[in-house]
Amino acid sequence: MTNTAKAIGAEKAPIFEERKDQIHRIGEGDFAMACNRDSLAGAVSQRACVFCGSRVVLYPIADALHLVHGPIGCAAYTWDIRGALSSGPELHRLSFSTDLQELDVVFGGEKKLAKALDELIVRHEPKAAFVYSTCIVGLIGDDLAAVCKAASARHGIPVIPVQSEGFKGNKREGYLAACKAMRTLVGTGDVSSISPLSVNIMGDFNLAGETWIIKDYLTRMGIEVVAGITGDGRVDDLRRAHGASLNLVQCSGATQDLAKMMRDDYGIPFVRVSWIGIEDVAESLYDVAEHFELTRPELAAGLVDRTAALVREELSTLMPRLAELRRDLEGKKAAVYVGGSFKAFSLVKAFRHLGMEVVIVGSQTGTEEDYRELAAICAPGTIVVDDANPLELSAFIKEKDVDIFVGGVKERPIAFKLGVGFCDHNHERKIALEGFVGMLNFAKEVHASVMSPIWRFVPRRETGRNVSDASTATGAEATGAEV
Amino acid sequence: MNGEIVMDSVPSSVELMESPGNGYKGPSHAATTNACKLCTPLGATLAFKGVEGAIPFLHGSQGCATYMRRYIISHFREPMDIASSSLGEKNAIYGGGPNLKKGLLNAMQKYGASVVGVATTCLTETIGDDVARLLAEFRTEFGDLPLAEVVHVSTPSYNGTHMDGFHGAVKAMADQLCVEATPANGRVNLMPGLVSPADIRHLKEIVRAFGMEPIVLPDYSETLDGPALLEYENIPSGGTPLADIRSMGGSRASIELGRAISTQDTAGTSLASRFGVPLHRLGLPIGIRETDSFFKALKDITGRETPRDLALERGRYIDALVDGHKYVSGMRAVVYGEEDLCVGLTSFLAEIGVRPVLVATGARNRNLAAHIQAACGDVLREMPAVREGVDFFDIVEEAKTLAPDLLVGHSKGQRAAREWKIPLLRVGFPIHDRFGGQRQLCLGYRGAQELFDRLVNTVLEKKQNDSDVGYGYL
């Protein structure tokens, strides 16, 4: 049976027929990619769910209670999962769940939810509470909105339902649900003391203190940061976020919906920024400066010049050190597979400063337009992929013989198993990779992995050299020998 | 035909024993804070991962598979592919059958799986998908293809913990894959429970040293701890061969580890009742006495004496206890985690002179206090407080009053250990904040030695760091 079963798995190509139009090789035919599709059943998608999208965006709001209404898994797997730092309270690092049991599923979980909210709000005195809906809540028909409204009335804080039932789409819908939840807070705080030269930092999550790096640049330019949305986030900051004059939106999906809502609700314009790399960081800062010189010339005189001075100062420290690292890295090849496609752009450019070429690039949730733009800046032969899976990624890594893979924890074992270097550019990173200092950290990370002497021992580098039999023994042979 | 069930170390009166102590009624919170358990399907995916050519498959929304993969990868640092039927909103209304079938075909065709282990999730359990019926339809609809085996287990996450999912999947494999009587094979079935790949390797080594080839179910010692590779394996090498599982009914005996499952229907009882395979139900062999019981069972089954190398390991371990006992004597420990591991670790600590003051698990209805009484009653003068259905909020609140100087369990006790500036001896799953959890050995005399060495060194390191003098000899 084992052998016959293998027979239907005999096709060697790692690409599922249904996924062929989600992969593009630059230079081979006209550009066309299908995106934002549901993941293919049975393929091991690297994607998550609606809940994940909401949880990721709201997670860093440090003085809010984050209560997951559902069975235990969704809360357990997101407990202290990210390196999102807080300068004050750390309530976000605890994991709260209603831990629904069979009887709750049968009779409804509303009472348990209300009781859980009462307990936790009294115990932790949060500034607000987010209540996340999970798959099961969407099915058993708990009236989340009503329970939250009542709890809010009892405790005098906002208790906000997040409609994040896992199966109702992918991560993008989760981002939207999170943005809708935050929208209910925005506009409820006092904005009288806010400077006209002010911004919100959106779509940055203060991983390893990255929001602070950006905030430092902006402060040095003379710009006030009203709210980190949601890096080092606070409920009160969100409440007065509408007092900012400009929204800086990073990350293609996560907070753009909120930026659009704030544009519609309060007329606040937004610019898309990226805090990764060199050009993108500088360009983002210049965009801010130019915006204010244009809209508030009376207040922003010399802002562009100040920005130029800041960029010069930062680059004068960064570039010589980058040059040292680049000497070793010149000509090496990289693969990039990240959650959002916007980050992929910046990484492609960042790798150029290391003398490296990106030969595989993809994301979980890019749009066709994103991929078209990506294809435009990458070299011919580069593979562009949407919603990839381990089979495809491992095949591409081998085909392109990359030296380093940039991704998240789910991609790490694929790279490592094949003896390829790795850089974690996801939510779990503990090293700041944003801003000019982040570019240096990134280069050091890449260098530390790519230049390690251990690669000479991994099978793909040992092949062709004269190595002992031990290195080629497969597990199956070893087991066979023992039996 | 009924197989004899041998309760080697588990007194049959265990069910009747009352929880010792203080009339504690258990936590009364509606909210769970920092859970001390994981969800049911996660355990099933781990069990399925231990079968040769198998891919775990979650029937539910995409997020479940992705979250569990991430969680498991962070411990094992190995690929952990879990396929998913990736249900969307339409499927939740009209049923997940079409996605399940399509997903199974894809998993078979692209992954070349010879076994697909399907576990349900809260989504598919709640919409009422009848997986057994769907699988029957699948086999009919695609009967012209040489289909892989499909095993399924019901694992709604609102019922039980990851350990229920694990044991449920092991039982499902025995029930659904081992269906015909097979000739006597002279082997021994070994159901180790959720232990580390290093533990599985050591258990195999021990059984082989008694002259017998074990059928270990599940055996993820290689699939979740494999070598660096030239070619990516869609499904990693290793795992219990399907043919071995099919022949489990012909084995000379079964050994099932874990006191807390010793009153449940399991793979072992299923093989005993259907094929008359005698079942030995033992605690996890952690520490001397529980390992002695395991060795005694092997002696009984094989008629052989303990091989000299292993007897020497026991002797060396006892010698080490003599050398090191004063470093740990009288320490007060809090033990938490999976129920069977809790029993084993508590037993280990008790017999080296550490005083367990609190033993806690997120699981419910495990009769944990009685099992601990049975495993430790002969060495402990005072039983620890034993709690079921608790989370880390409860554990911390109670532990605070007990002045512990040691935590023993998985990584998630880290916050408390840090706050109280006491050591955490990391054991079990998950270990997310240290390296090499998958290679950590706890079982057998050798495992006890490793545990003891680590514990003593942890204590010495703290003593040295905290001391103004910084003695060079300790």
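Residues numbered from 1 in each chain as written. Chains lettered and ligands numbered in written order. Predicted model: local features only at pLDDT ≥ 70, side-chain atom pairs only at ≥ 80, totals over all residues.

A. Here's a closer look at the packing of helix α14 (residues 341-353) of chain A against helix α15 (residues 368-377) of chain A. Residue and element names in this part refer to chain A. Where α14 contacts α15, the two axes come as close as 10 Å, and the packing angle between them is 10°. Taken as axis vectors, α14 and α15 run roughly parallel relative to one another. Residues S341, A344, F345 and V348 of α14 form the contact with α15, whose participating residues are D370, Y371, L374 and I377. A breakdown of the residues in the contact of α14 with α15 according to their chemical character gives six nonpolar, one polar and one charged. (Axes fitted to C-alpha atoms, helices over the stretch in contact; angles between N-to-C directions. Helix = DSSP H or I, 4+ residues; strand = E, 2+ residues; numbered from the N terminus. Parallel < 35°, antiparallel > 145°, perpendicular 65-115°, else oblique. Contact = placed C-beta atoms within 7 Å. Nonpolar A, V, L, I, M, F, W, Y, C, P; charged D, E, K, R; others polar.)

B. Representation of the domain arrangement of chain B in the model. All names here are of chain B. According to the domain assignment, chain B contains domain 1 (5-15 + 24-29 + 180-302), domain 2 (40-177) and domain 3 (323-466). One C-alpha centre belongs to domain 1, the other to domain 3, and the line joining them spans 24 Å. On the side of domain 3, 34 residues touch domain 1, which itself brings 33 residues to the contact. In terms of residue class, the side of domain 1 that touches domain 3 is made up of 18 nonpolar, nine polar and six charged. (Domains from an automatic or database assignment.)

C. Up close: the pairing of strand β12 (residues 355-360) of chain B. Residues and elements named next belong to chain B. Among the six residues of β12, six are classified as buried, and the element is accordingly described as predominantly covered. Where strand β11 (residues 332-336) lies against β12, five bridges are found, and the strand directions are parallel. Paired with A333 across the strands is P356, a residue of β12. Taken together, β11, helix α13 (residues 339-351) and β12 form a β-α-β motif whose crossover is right-handed. Pairing analysis gives three bridges linking β12 to strand β13 (residues 385-387), with the strands arranged parallel. Paired with L358 across the two strands is A385, which belongs to β13. (Buried ≥ 20, exposed ≤ 12 C-beta atoms within 10 Å, placed from the backbone. Pairing = 2+ DSSP bridges. Right-handed = clockwise from strand over helix to strand, strands pointing away.)

D. Up close: unusual backbone geometry. For the bond from A:I229 to A:T230, the omega torsion is 15°, close enough to zero to count as cis. Note on placement: A:T230 falls in the loop between β7 (224-229) and α10 (235-239). Residue B:P430 is reached from B:F429 by a cis peptide bond, and omega for that bond is 0°. Secondary-structure assignment places B:P430 in the loop between β15 (424-426) and α17 (444-466). Positive phi values are uncommon outside glycine, yet B:A403 reaches one of about 45°. Phi at B:K421 takes a positive value of approximately 50°, unusual for a residue other than glycine. Here B:K421 shows up in the loop between α16 (414-420) and β15. Exposure remark for B:K421: the 9 C-beta atoms within 10 Å place this residue in the exposed category.

E. How the structure looks around the interface of chain B and chain A. Chain B puts 72 residues into the contact, and the matching count from chain A is 73 residues. Of all the secondary-structure elements, those providing two or more residues to the side of chain B that touches chain A are β2 (32-33), α2 (62-76), α3 (89-94), α4 (97-111) and α5 (122-127) of chain B. Looking at which element gives the most residues to the side of chain B that touches chain A, the answer is α4(B), with 11 residues. Note that strand β3 (residues 96-97) of chain A and β2(B) share two bridges and pair antiparallel. Looking at β2(B), one finds that A:F96 is bridged to B:T33.

F. Here's a closer look at the sheet that holds strand β8 (residues 246-249) of chain A. Residue and element names in this part refer to chain A. In spatial order, the strands read β7-β6-β8-β9; together these four strands make up an open sheet with parallel pairing. Because the sheet does not close on itself, it has two edges, and the strands there are β7 and β9 (270-272). Each strand of the sheet is rotated relative to its neighbour by a mean of 20°, with strand direction disregarded. Sheet analysis places β8 next to β9, joined by three bridges and oriented parallel. Across the sheet, residue L248 finds its bridge partner in β9, namely V271.

G. Just the domain arrangement of chain A, in detail. Residue and element names in this part refer to chain A. Domain boundaries assigned for chain A yield domain 1 (50-181), domain 2 (198-316) and domain 3 (330-429). Relative to domain 3, the C-alpha centre of domain 2 lies at a distance of 27 Å. Taken together, the contact between domain 2 and domain 3 spans 12 residues of the former and 14 residues of the latter. Residues belonging to the side of domain 2 that touches domain 3 are distributed by class as follows: six nonpolar, four polar and two charged.

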